[in-house]
Amino acid sequence: VSEDRGSLTRRQALRGLGLVAGALAASAGPAGAVRHAFHGAHQSGVTTPVQSHLAMAAFDVVGSRGDLEALLARWTRAAARFVEGEPLPGSAGPTYPPADTGEARDLPAAGLTLTFGLGPSLFREELGLSARRPRALIDLPSFPGDRLDPARGGGDLMVQACADDPVVAFHAVRNLTRLGEGVVVSRWLQLGAGRTSSSEPGQRTPRNLLGFKDGTANLDPRDPRSMARYVWVAPRSDQRWMDGGTYLVARRIRIHLEAWAALSLGAQEATIGRRRDSGAPLTGTRESDPPRLDVRGPYGALVIPEGAHIRAASPSRNAGARLLRRGFTFTDGLDPRTGELDAGLMFLCFQNDPARQFVTLQSTLATSDALSTYVTHTGSAIFACPPGAARGDAIATGLFD
Ligand code: HEM
């Protein structure tokens, strides 16, 4: 059970006792007023119902170990305010720049979550961190077909802001960036709009830019057993400060929309292995029907073709590997070289063992997924996302012990 849900339940229980009616109203009022607690056992923004907007930023550390530790404490305090819809406090008067940049001032919390992550490059000698790198935080291998732009990937630190208002998400990232001045420099920033995975009960599965429903066969973030099995780092891992954390793999995947849209409907559906309208697998009639990968048609051909995306990505093809997908659509204008749309999927996935999960899956997809003709991976990053911070503690606090 995610901590934000946990605290809602706790508040509901307390409200039953007539104790905090006001707090509940504030946390689950009208749509824009939804609030997720920042503190808790796990960071929010992983199993939290997916919001509609993303602002994700990565940074490189230029300061010292002490600067880094102080920055994480500063970021934690600021994040706890932002998720409550509060700006940065204080102003030194009219002759100084205001502490908070101000654009979110009249906006509600809008379901904001802030999730912090640490990249492999942070664990270096110079910062005294080389012995603290978790074994699971691997350097991702290169995959066939990758066209990675170094300016769109990597990073020592990462913050993922998700909210139902794009200005709220952007404001959080922008102000965290300002708080890092002198300690970190920005490396990349990706905005996204349009979640690509379902999350809440009864919520309709959203569609990605292919026009297909995306997220149908995702792990259920409300199922604590599957989150413990696939997503959260189990207690007593090789780096105890990561217990209860998770690993994020981010891939900026451009979709060649013009080529895709020129495919016949039948060819599109064969590429995915599902119907475009209903989201049903080609072997079924309803979205919720489980795909039957071994069923053959009257002439002996597989109904879900050999190269179909859902076959290549299926657990049965990948030694049981599964992920929590939590991606967003991005549209970044035109590619100046070709005039084509630079748009696609900011593929975000959470797992407790990237080598066994993402790498296994992507190795299969890169070689046998029919969809790979229509997509190009242009950015790549991996981050260790520590557990949630207890009240009074900073994110990744155990890292510096
Ligand atoms: C632009 C790139 C991609 C697009 C447009 C895309 C789209 C889709 C669609 C439409 C589905 C079917 C509905 C569903 O179950 O969610 C799907 C399923 C899935 N995708 Fe992707 N996907 C992309 C990249 C990836 C990548 C990079 C991975 C993992 C490395 C991945 C893993 C999966 C998995 C695990 C499933 C469920 C398979 C199953 O039925 O068991 N996808 N994707």
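As the structure is a prediction and not an experimental result, all values here were calculated from the model. (Residues numbered from 1 in each chain as written. Predicted model: local features only at pLDDT ≥ 70, side-chain atom pairs only at ≥ 80, totals over all residues. Heavy atoms only, no water.)

### Re the overall build of the protein
Note the following rule: Strands here are runs of E lasting at least two residues and helices are runs of H or I lasting at least four, both read from the DSSP assignment and numbered beginning at the N terminus. C-alpha atoms define the radius of gyration in this analysis, and the globule rule sets the expected value at 2.2 Å times the number of residues to the power 0.38. Partly exposed residues are those whose accessible area sits between 20% and 50% of the maximum for their type, while under 20% is buried and over 50% is exposed, using a 1.4 Å probe and protein chains only. For this analysis, residues touch if any pair of their heavy atoms sits within 4.5 Å. Note on areas: these come from Shrake-Rupley sampling with a 1.4 Å probe, and a residue is covered only by the protein chains present in the view.
In terms of regular secondary structure, the protein is built from 9 helices and 9 strands. In terms of overall size, the protein behaves like a compact globule, its C-alpha atoms giving a radius of gyration of 22 Å where 401 residues would be expected to give roughly 21 Å. For the protein, the spread of C-alpha atoms along the three principal axes comes to 75 × 55 × 45 Å. Taking all 401 residues of the protein together, the buried fraction comes to 52%. Within the protein, contacts between residues separated by at least 24 positions form 76% of all contacts whose residues are at least 6 apart in sequence. Accessible area of the protein: about 17800 Å², with a carbon and sulfur share of 54%.

### With respect to the layout of surface pockets
If a probe as big as a water molecule is rolled over the atoms, it shows which places are left empty. Rules: A cavity here means a set of 1 Å grid points, computed over protein atoms only, where a 1.4 Å probe fits but cannot escape. A pocket is an open set with protein on both sides within 12 Å along at least 5 of 7 lines, and lining residues have an atom within 4 Å of a point. Grid points are joined across faces, edges and corners, and a volume is the space filled by probe spheres set on the points. Polar here means any residue outside two lists: the nonpolar Ala, Val, Leu, Ile, Met, Phe, Trp, Tyr, Cys and Pro, and the charged Asp, Glu, Lys and Arg; Gly therefore counts as polar.
Roughly 1100 Å³ of volume is contained in the largest pocket. Taken together, 42 residues make up the lining of the largest pocket; nearest its centre are His309, Ala313, Arg325, Phe347 and Leu365. Elements represented by at least two residues in the lining of the largest pocket include exactly β5 (246-255), α8 (309-312), β8 (341-351), α9 (358-368) and β9 (375-385). When residues in the lining of the largest pocket are grouped by element, the largest group, 5 residues, is from α9. A per-class count over the lining of the largest pocket returns 23 nonpolar, 11 polar and 8 charged.

### Topic: the side chain of Asn352
Considering the arrangement of structural elements, one finds Asn352 in the loop between β8 and α9. Overall, the relative accessible area of 15% leaves Asn352 in the buried class.

### Quick look at the site of the ligand
Going by this rule: Near residues are defined by distance, with any heavy atom within 4 Å of the molecule or strand qualifying the residue. Polar contacts, as counted here, are pairs of nitrogen or oxygen atoms within 3.5 Å of one another; within protein the pair requires one atom able to donate a hydrogen and one able to accept it, and residues that are adjacent in sequence qualify only if both atoms are side-chain atoms. To be counted as sitting in a cavity or pocket, a molecule needs more than half of its atoms within 2 Å of that site's grid points.
For the ligand, the set of nearby residues contains 27 residues, the closest of which are Gly215, Thr216, Ala217, His309 and Arg325. Contact between the ligand and His309: a nitrogen atom at 2.9 Å from a side-chain N or O atom of the residue. The contact in question runs from an oxygen atom of the ligand to an N or O atom on the side chain of Arg325, over 3.0 Å. The cavity that encloses the ligand is the largest pocket. Elements with a contribution of two residues or more to the shell around the ligand: β5, α8, β8, α9 and β9.

### Describing the nonpolar core
Rules: Note on terminology: a nonpolar core comprises buried Ala, Val, Leu, Ile, Met, Phe, Trp, Tyr and Cys residues joined through side-chain atoms within 4.5 Å.
In this structure, Trp75, Leu112, Leu114, Phe116, Leu122, Leu157 and Phe358 are the most contacted members of the largest nonpolar core, which totals 75 residues. No other element matches helix α3 (residues 65-82), which puts 8 residues into this core. Those residues in contact with Leu114 that lie beyond four places of it in its chain are Phe38, Gln43, Ser44, Ala79, Phe82, Val83, Val159, Gln160, Ala161, Ala172 and Leu176. Listed in part, the 24 residues of the second largest apolar core include Leu248, Phe328, Ala381 and Phe383.

### Some thoughts on the pattern of salt bridges
Which entries qualify depends on this criterion: Counted as salt bridges are all cases of a side-chain nitrogen of Lys or Arg within 4 Å of a carboxyl oxygen of Asp or Glu.
For the structure shown, the criterion picks out 22 salt bridges. Notably, a salt bridge pairs Glu84 with Arg35, separated by 3.0 Å at the nearest N-O pair. Remark: Arg35 occurs in the loop between α2 (21-27) and β1 (53-61) and Glu84 occurs in the loop between α3 and β2 (113-118); sequence separation between them is 49 residues. When its relative accessible area of 32% is taken as the criterion, Glu84 is described as partly exposed. The salt bridge partner of Arg356 is Asp353, with a shortest N-O separation of 3.4 Å.

### Quick look at a nonpolar patch on the surface
Counted only if it meets this: Only residues whose relative accessible area exceeds 30% and that form no salt bridge enter a patch; like-charged residues are grouped when within 9 Å of one another, and nonpolar side chains (Val, Leu, Ile, Met, Phe, Trp, Tyr) when within 5 Å.
Residues Phe170, Leu189 and Leu191 make up a contiguous nonpolar surface patch of about 250 Å² in total accessible area. Looking at the secondary structure, you find Phe170 in helix α4 (residues 166-179).

### Topic: the packing of aromatic side chains
Defined as follows: Centres within 6.5 Å make a pair out of two Phe, Tyr or Trp rings, where for Trp the six-membered ring is used; the pair is then stacked when the planes are under 30 degrees apart, edge-to-face when over 60, and tilted otherwise.
According to the stated counting rule, one finds 8 aromatic pairs in the structure shown. Ring geometry for Phe123 against Trp241: centres 6.0 Å apart, planes inclined by 20 degrees, an arrangement best described as stacked. Of this pair, Phe123 sits in the loop between β2 and β3 (157-163) while Trp241 sits in the loop between α5 (224-230) and β5, and the two are 118 residues apart along the sequence. The buried category is assigned to Phe123, whose relative accessible area is 7%. Here the aromatic rings of Phe347 and Phe358 are separated by 6.4 Å at their centres, their planes lie at 45 degrees, and the arrangement is tilted. A residue pair is termed long-range when its members are at least 10 positions apart, and Phe347 in strand β8 and Phe358 in helix α9 qualify at 11 residues. With a relative accessible area of 17%, Phe347 lands in the buried category. With a relative accessible area of 2%, Phe358 lands in the buried category.

### Let's talk about α4
Short version of the rule: Multiplying 1.5 Å by the helix residue count minus one yields the expected span of that helix.
Taking 1.5 Å per residue as the helical rise, α4 with its 14 residues ought to reach 20 Å, and the 20 Å between its terminal C-alpha atoms agrees with that figure. Where α4 is buried, its residues contact β1, α3, β2, β3 and β4 (184-193). The distance from a side-chain oxygen at the start of α4 to the backbone nitrogen of Val167 is 2.8 Å, and the residue carrying that oxygen is Asp165.

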